[in-house]
Amino acid sequence: MAQGLEVAFVDFQSSRNNMQHHSEEISLDHLVVRRGQPFNITLYFRNQGFQPGLDSIIFVAETGPLPDLAKGTRAVFSLTSGNRPSPWIAALETNEANVMEVSLCAPPTAAVGRYLLKVRIDSFQGFVTAYQLGEFILLFNPWCPGDAVYLDSEPQRQEYVVNDYGFIYQGNKNWIHPCPWNYGQFEENILDICLELLDKSLHFQIDPSTDCALRGSPVYISRVVCAMINSNDDNGVLNGNWSENYMDGINPAEWTGSVAILKQWHSTGCQPVRYGQCWVFAAVMCTVMRCLGIPTRVITNFDSGHDTDGNLIIDEYYDNTGRILENKKKDTVWNYHVWNECWMDRKDLPSGYGGWQVLDATPQETSNGLYCCGPASVRAIKEGEVNLNYDTRFAFSMVNADCMSWLVQGGKEQKLHQDTTTVGNFISTKSIQSDQRDDITENYKYEEGSPQERQVYYKALQKLKDGRSQGSDSASSAPSRRMPPSQDTPRSLDTPALQPSSVIQVSLKFKLLDPPNMGQDINFALLALNMSPQFKDLKVNLSAQSLLHDGSPLCPFWQDTAFITLFPEEAKTYPCKIPYSQYSQYLSTDKLIRISALGEEKSSPEKILVNKIITLTFPGIIINVLGQAIVNQLLSIQVIFSNPLSEPVEDCVLTLEGSGFFKKQLRILIGDLKPHHKATITLKTIPFKSGQRQIQANLSSNKFKDIKGYKNVYVDFGL
């Protein structure tokens, strides 16, 4: 009896397809392809071959729990194109005896995610058979010109999609320090965890059908991921903690990669991982976005504004010792803040605002009811177009708000000065295919002090006023807040910010006399210069206090008063020392100390405020690779570390990780280390991925948490 065409089995050609789709590091066994680019599968038939014109083959691709043809989450497409019009394409490549190779291609706008591929065969004998061929995963495609995330530079695609390690810049604007990070976006199970993250979002939980249909939009996906990296609204990946109390979790400074965080979130049933701060949120988001195929980089902004009331002015309050006070308005200048830029077209905005978009997963303000920020066009930020979606006003304030300093004395507030240049310095990211730092400040704003920069600032201010007067409250602005009348009218473009030193003609400045090494005394000097032809008699109150990197001040631990007399045009140096024994117990994990001086001259009511932020430094960990690194061959790695302090430290733990070197993060218990003791350990591993790789290390103890080190290693493929 004649039978219809029967499929015996299917070969998804995963290894070959994944190589062509730049997903071979994710898997060679499971099909992972990118939209807008063909991939081939082979169908093996049981009893006879496919006969064009007689047999009809129809493919069905479905994603999500409720596949829908109208919503684009179900596609039906025929091997012969005329019958069923669909943006998905199936084409016959080869057809031999009982074997047929077919090329399939998803449109460059298709929803990303996990798909089920089915086939229905209508044989000319009248038999109809249907088969589930299997699952595949569809990703964004920055190599496809039709994709909204298309990036036309191969070096940039390699850096912002393929590279699985990098640096996050920390410290302060006078001491920018790279922190090595293992993004590990292609490590085992990470793609599955990223797709699980999408399914755990509030959007999916409320309306899974619509959520899956919108997953073709990088704008939509980026907002969903941004909200899911923090846990403020949902069971997101990370709990934020800026309290300095991390007893029930991991100090954010100890992390060296995203893989351990994402795997812990998954293995605990999607319970938020404790703890993260801005660079951890941004690094994990970078991992997820690169894994999904959206070009992403990590950005650090030094002296980053957090403007809570939406008036583009950061208010800072000081007492008469120069100590910064807890801000009554909660405006702050973060010593540094870290976010992401993702590359995408913005069809939802006027022409010209595509390209790099700011996304900030650190939970600071809500956007459309959820703790996420962006995507905000970097070009819109530079041009002051703060009314454009999403959250452009908030992003603008991070890089270009003005800073107002106030003296609080006797219950009254006295304006010290308004500074137009404090916020937004040395905006940094890792260079393309290099370990160097790129300064991209000019992408965000015109040069400080230039007419264009002030014009853009006042343009942004005017747009905010216009928006408030019209009662608008879109996602591009913070929840409606009143702008203080005293700051409602901008100064003339030609009016400089009031600097008291120009009134009393005295300059004060701090200078470090020695490198600020952790465990040693801090030696610095206050330099005073009389720029006038008159005698000056100064009283200067000095203080030092620890800071968290988000600008939050801790208690002052050192104070001094200097009386300085200056003849006309005379300069004097006032030396200062803060012993290690005095500051050690007050340090935060960020190792930031702010020294301040508030000066007054007897004949003038004006005050002079100067401050300097010092980041205490550690000697790094040294990593040596002993011999040539070859895939699947034993490799010895030597790690050299030391206790930099003149006191013993306890509970020392060394962690090591590196994509392609270790399947999971290694934790090695070291125990106690004597003062200034140096130790060496040698361990063995078997590299399992070739190419340029990086090993990251961290040493923590009861006295410090983040002595870091890294080693770039090229791994040969071998024979």
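Concerning the pairing of strand β16 (residues 332-344)
Counting buried positions along β16 yields 12 of 13 residues, so the element is predominantly enclosed. Two strands pair when backbone bridges link them, and strand β14 (residues 296-306) and β16 are joined in this way by 10 bridges, in the antiparallel orientation. Bridge pairing in β16 places Asn-301 opposite His-337. Relative to strand β17 (residues 355-359), β16 is paired through five bridges, and the arrangement is antiparallel. Residue pairing across strands places Met-344 opposite Gly-355, the latter belonging to β17.

Some remarks on the layout of surface pockets
Using a probe with the size of a water molecule, rolled over the atoms, empty space left in the structure can be pinpointed. A volume near 1100 Å³ is recorded for the largest pocket. In terms of lining, the largest pocket is formed by 48 residues, of which the most central are Glu-316, Tyr-318, Thr-422, Arg-594 and Asn-611. Of all the secondary structure elements, the ones that give two or more residues to the lining of the largest pocket are β14, β15 (313-318), β16, β19 (402-409), β20 (412-419), α13 (500-504), β23 (506-512) and β29 (607-615). Top contributing element to the lining of the largest pocket by residue count: β29, with six residues. Within the lining of the largest pocket, the residues separate by chemical class into 17 nonpolar, 18 polar and 13 charged. Empty space within the second largest pocket amounts to approximately 920 Å³. Lining the second largest pocket we find 31 residues, and of these Glu-24, Glu-25, Ile-26, Ser-27 and Leu-28 sit closest to its centre. Elements that contribute at least two residues to the lining of the second largest pocket include exactly β9 (128-139), α3 (190-199) and β35 (691-700).

Let's talk about the sheet that holds strand β24 (residues 522-530)
Taken together, the three strands give an open sheet; going across it, the order is β23-β24-β27, and neighbouring strands pair in antiparallel fashion. The open sheet has two edge strands, β23 and β27 (571-578), and neither has a second partner. Taking the axes of each pair of neighbouring strands and ignoring which way they run, one obtains an average angle of 20 degrees across the sheet. Note that β24 and β27 share eight bridges and pair antiparallel. Looking at β27, one finds that Phe-524 is bridged to Cys-576.

Observations regarding the packing of aromatic side chains
Taken as a whole and assessed by the stated rule, the structure comprises 24 aromatic pairs. Between Phe-9 and Tyr-44, the aromatic rings sit 4.4 Å apart at their centres with planes inclined by 15 degrees, giving stacked as the arrangement. On the criterion of sequence distance, the pair formed by Phe-9 in strand β1 (residues 7-11) and Tyr-44 in strand β3 (residues 39-45) is long-range, its members being 35 residues apart. Classification of Phe-9 by relative accessible area gives partly exposed; the value is 48%. Taking the relative accessible area as the measure of exposure, Tyr-44 reaches 26% and is therefore partly exposed. With centroids separated by 5.3 Å and ring planes inclined at 80 degrees, the aromatic side chains of Trp-343 and Trp-356 adopt a geometry described as edge-to-face. Separated by 13 residues along the polypeptide, Trp-343 in strand β16 and Trp-356 in strand β17 bring together distant segments of the chain. According to the relative accessible area criterion, Trp-343 is partly exposed, its value standing at 23%. Ring pairs connect the aromatic residues Phe-39, Phe-59, Phe-77, Trp-88, Tyr-115 and Phe-136, which therefore count as one cluster. Positioned above the aromatic ring of Tyr-457, the side-chain terminus of Arg-454 is 4.4 Å from the ring centre. The lysine or arginine in question, Arg-454, covers the ring of Tyr-458, its NZ or CZ lying 5.6 Å from the ring centre.

Structural notes on the packing of helix α10 (residues 392-400) against helix α12 (residues 451-469)
Two elements in contact, α10 and α12, have axes whose closest approach is 12 Å; the angle formed by their N-to-C orientations is 145 degrees. α10 and α12 meet at a crossing whose hand is left-handed. Of α12, the residues touching α10 (which contributes Arg-393, Phe-396 and Asn-400) are Glu-453, Val-456, Tyr-457, Ala-460 and Leu-464. Among the residues making up the contact of α10 with α12, the classes are represented as five nonpolar, one polar and two charged.

Remarks on the sheet that holds β3
Within the open sheet, the four strands sit side by side as β1-β3-β7-β6. Their pairing is antiparallel. A strand with exactly one partner marks an edge of an open sheet, and here the two such strands are β1 and β6 (89-96). Ignoring which end each strand starts from, the neighbouring axes of this sheet average 25 degrees apart.

Calculation criteria
Residues numbered from 1 in each chain as written. Predicted model: local features only at pLDDT ≥ 70, side-chain atom pairs only at ≥ 80, totals over all residues. Heavy atoms only, no water. Buried < 20%, exposed > 50% of the residue type's maximum accessible area, 1.4 Å probe, protein only. Helix = DSSP H or I, 4+ residues; strand = E, 2+ residues; numbered from the N terminus. Pairing = 2+ DSSP bridges. 1 Å grid on protein atoms, 1.4 Å probe; cavity = no way out; pocket = protein on both sides within 12 Å on 5 of 7 lines; lining within 4 Å. Points joined across faces, edges and corners; volume = space filled by probe spheres on them. Nonpolar A, V, L, I, M, F, W, Y, C, P; charged D, E, K, R; others polar. Axes fitted to C-alpha atoms, helices over the stretch in contact; angles between N-to-C directions. Phe/Tyr/Trp six-rings, centres within 6.5 Å; stacked < 30°, edge-to-face > 60°. Lys NZ or Arg CZ within 6 Å of the ring centre and 35° of its normal. Left-handed = near helix turned anticlockwise from the far one by under 90°. Contact = heavy atoms within 4.5 Å.

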